[in-house]
Each structure stands twice: as structure tokens, then as C-alpha cells.
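Listed below are the residues making up each chain.
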Amino acid sequence: MGPEMSDSPLTYTGLDVLETLDRATNYNAFLLDLILQNYNGQGRMLDFGAGIGTFAKLLRKSGIDVVCVEPDAHLSDGLACDGFLTFNDLDEIPDDSFEFIFTLNVLEHIEDDRASFSRLTAKLAKGGRLLVYVPAFECLWTSLDERLKHYRRYRRAGLERLARSVGLTVWKTRYADSLGFFATLTFKFFGSKKGDLSARAVKLYDRYIVPPSTVLDLIFSRWLGKNVYLVARKNWE
């Protein structure tokens, strides 16, 4: 969940948002489960846009070796101090290196997201899997998107096209957080016009919205959600 991926040192303007979301226990447990469900159980993972290491730390507690890519100099230094092998750019990593790569709420920060898809694909070993999780639906665009310098929100079909355009085989796409769709609409019309995200609001959302939303996703994930995710595989050929 780091900033736009570029070759220069960056300061991420949404650090306070990362720190607030780091305490969203149910939300993070949902995303951790999503990662583990789609992990093939072999080799190291690569966390692209690792931010403050929320998921790298949770995965390490599960006994999984995670390598981080984070271009923000301050955040990458923090990850290295926490004991993670950390790179500032994907180009520092050899091709065909990882059986599993995940990236959570990152590609919306990158202007040329197809180029990032292509670079991520290059780092996957043959038969490896890529998990991409991003914000969904342009109609949910809010002041928070503006503040965090997002370029877009996604739909299932658009993610599938991106993956196929770089030679990946799409295994699954789904929307996530169906109740969050309506919570985001509420924020759009009644929330902070400066994109502020209060710790209290996140705590209430995490406690009362996320648990029932994960249940409702079993019904609505093909059509509706605050986020959308894709799981794709690199072909053996």
C-alpha cells in the first residue's frame, strides 16, 4: 500500500492512513486470509508496495518468508529495520524469482498500471500466481482518492484485460466488501472533503461493517464491492 512506483525517493502522503488501517483488525484479517487462500504454499512471497509492512509482518508470524518492494525511502528503511529483505524497485529483482506475488491497494497509485502488470509478471516464476487487490468502481471516487493521488478505480473486466494483455491466465476476479460499497458512497457525500480518515471511523467500520460484509460477499462478489481483486497465473510456456 505504498506510493506511486518510480525511480526517485518518495514521501508517501498517506502515511497516516496506512497507520490507521494497520489497526483495522478484521479488515486486515480478511486480506491476510485472501493472500493465504491463493498462495500455492511454495517458496517466498513478494509484497509489491509493502508500505509499513502490515501484511509482511502478519505473514511472517505465520512462518512465511516475505520479500518487500517499497519505493518510499522512509518506509523501505523501516521495513529493512524490521528484518525484511527490501528493494526500492522491481528492477532490482531477477526475473522468474517468485512463486507468489501480491499487491494490495497499490496499482491505483501508478499511472502506467499495464507496465507494472508486465513487470510483476516478469518476476513470477513459470506457473506462479499474482494477486492484485485495488479499489473498485469510479462512481465511488471520493476525496480520499484525491488525497492519496489515485489515478483510477477498477472493474473486474478491466483487471482481466490488463492481466491477459501481459500474457497471464486469469483464474479468478471478484469484488470484495459489498457493504463497504455503500459505506464509501456515504463517505463520498457526507464525509471529509479533505480526504481525512479518522481512527474512530475506521474502528467502527472495522467492527460493524467488515464482518457482515465478508458474509454478504459470498452472494454479491460477482457484482458489487468497495474493492476488486484478481488472481492470475503465469503460463508454463
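Residues numbered from 1 in each chain as written. Predicted model: local features only at pLDDT ≥ 70, side-chain atom pairs only at ≥ 80, totals over all residues. Heavy atoms only, no water.

Student: Give me the lowdown on the nonpolar core, citing residues and values where you can.
Tutor: The biggest cluster of nonpolar side chains holds 34 residues, and the ones touching the most others in it are Leu46, Phe48, Leu107, Phe117, Leu130, Leu159 and Leu168. Top element by residues in this core is strand S5 (residues 124-135). It accounts for 4 residues. Setting aside chain neighbours within four positions, we find leucine 130 in contact with Ile101, Phe117, Leu120, Leu124, Leu168, Leu230, Val231 and Ala232. Among the nonpolar cores identified, the runner-up in size contains 29 residues, and Leu21, Leu31, Phe102 and Val210 belong to it. (Core = buried A, V, L, I, M, F, W, Y, C linked by side-chain atoms within 4.5 Å. Buried < 20%, exposed > 50% of the residue type's maximum accessible area, 1.4 Å probe, protein only. Helix = DSSP H or I, 4+ residues; strand = E, 2+ residues; numbered from the N terminus. Contact = heavy atoms within 4.5 Å.)

Student: Explain helix H2 (residues 25-38) to me, using residue names and the numbers behind them.
Tutor: Over its 14 residues, H2 extends 20 Å from the first C-alpha to the last, a length consistent with the 20 Å expected when each residue adds 1.5 Å. All of the buried residues along H2 are Tyr27, Asn28, Leu31, Leu32, Leu34, Ile35 and Asn38. Buried residues of H2, viewed axially, fall in a sector of 155°; they line one side. Exposed and facing more than 90 degrees away from the buried side of H2 are Thr25 and Gln37. (Expected span 1.5 Å × (residues − 1). Arc of directions from axis to C-beta.)

Student: Let's hear about the packing of aromatic side chains: which residues, and what values?
Tutor: In the structure shown here, the tally under the stated rule is 6 aromatic pairs. A centroid spacing of 6.4 Å and a plane angle of 35° characterise the contact between phenylalanine 100 and phenylalanine 102, whose relative ring orientation is tilted. Here phenylalanine 100 matches phenylalanine 102 in class, with each residue buried. Taken together, a centroid distance of 4.8 Å and an interplanar angle of 25° make the contact between phenylalanine 137 and tyrosine 175 stacked. Of the two residues, phenylalanine 137 is situated in the loop between S5 and helix H6 (143-147) and tyrosine 175 in strand S6 (residues 168-176); the sequence distance between them amounts to 38 residues. Among the aromatic side chains, those forming a connected cluster through ring pairs are Phe137, Tyr175, Phe181 and Phe182. Here arginine 129 stacks its cationic end above the ring of tryptophan 171, 5.1 Å away from the centre of that ring. One cation-aromatic arrangement involves lysine 172 over tryptophan 171; the distance from NZ or CZ to the ring centre is 5.0 Å. (Phe/Tyr/Trp six-rings, centres within 6.5 Å; stacked < 30°, edge-to-face > 60°. Lys NZ or Arg CZ within 6 Å of the ring centre and 35° of its normal.)

Student: Break down empty space enclosed by the protein for me, with residues and values.
Tutor: A complete count under the given rule lists 3 cavities of 30 Å³ or more for this structure. If you go around the second largest cavity, the residues you meet are Tyr27, Phe30, Tyr133, Asp177, Tyr205, Val210, Ser213, Thr214 and Asp217. Broken down by secondary-structure element, the contributors of at least two residues to the lining of the second largest cavity are H2 and helix H10 (210-220). For the lining of the second largest cavity, the per-class residue count stands at 5 nonpolar, 2 polar and 2 charged. (1 Å grid on protein atoms, 1.4 Å probe; cavity = no way out; pocket = protein on both sides within 12 Å on 5 of 7 lines; lining within 4 Å. Points joined across faces, edges and corners; volume = space filled by probe spheres on them. Nonpolar A, V, L, I, M, F, W, Y, C, P; charged D, E, K, R; others polar.)

Student: Pulling in residues and values, what's your account of H10?
Tutor: Inspection of H10 places Val210, Ser213 and Asp217 among the buried residues, and these make up the whole buried set. Viewed end-on, H10 has its buried residues packed into an arc of 55°, placing them on one side of the element. Within H10, the exposed residues directed more than 90 degrees away from the buried face are Val215, Leu218 and Ile219. In this fold, the buried residues of H10 make contact with H2, S6, helix H8 (178-190) and helix H9 (199-208).

Student: An account of the sheet that holds strand S7 (residues 227-234) is requested, with residue identities and associated values reported.
Tutor: Read across the sheet, 7 strands follow the order S3-S2-S1-S4-S5-S7-S6 without closing on themselves; strand pairing throughout is mixed. Either end of the sheet is taken by a strand with one partner, and the two such strands are strand S3 (86-87) and S6. Two elements, strand S2 (residues 66-69) and S3, share 2 bridges in a ladder whose sense is parallel. Residue cysteine 68 lies in a different strand from S3, and its bridge partner there is threonine 86. (Pairing = 2+ DSSP bridges.)

Interpretation note: all reported values are geometric properties and have no functional meaning in isolation.
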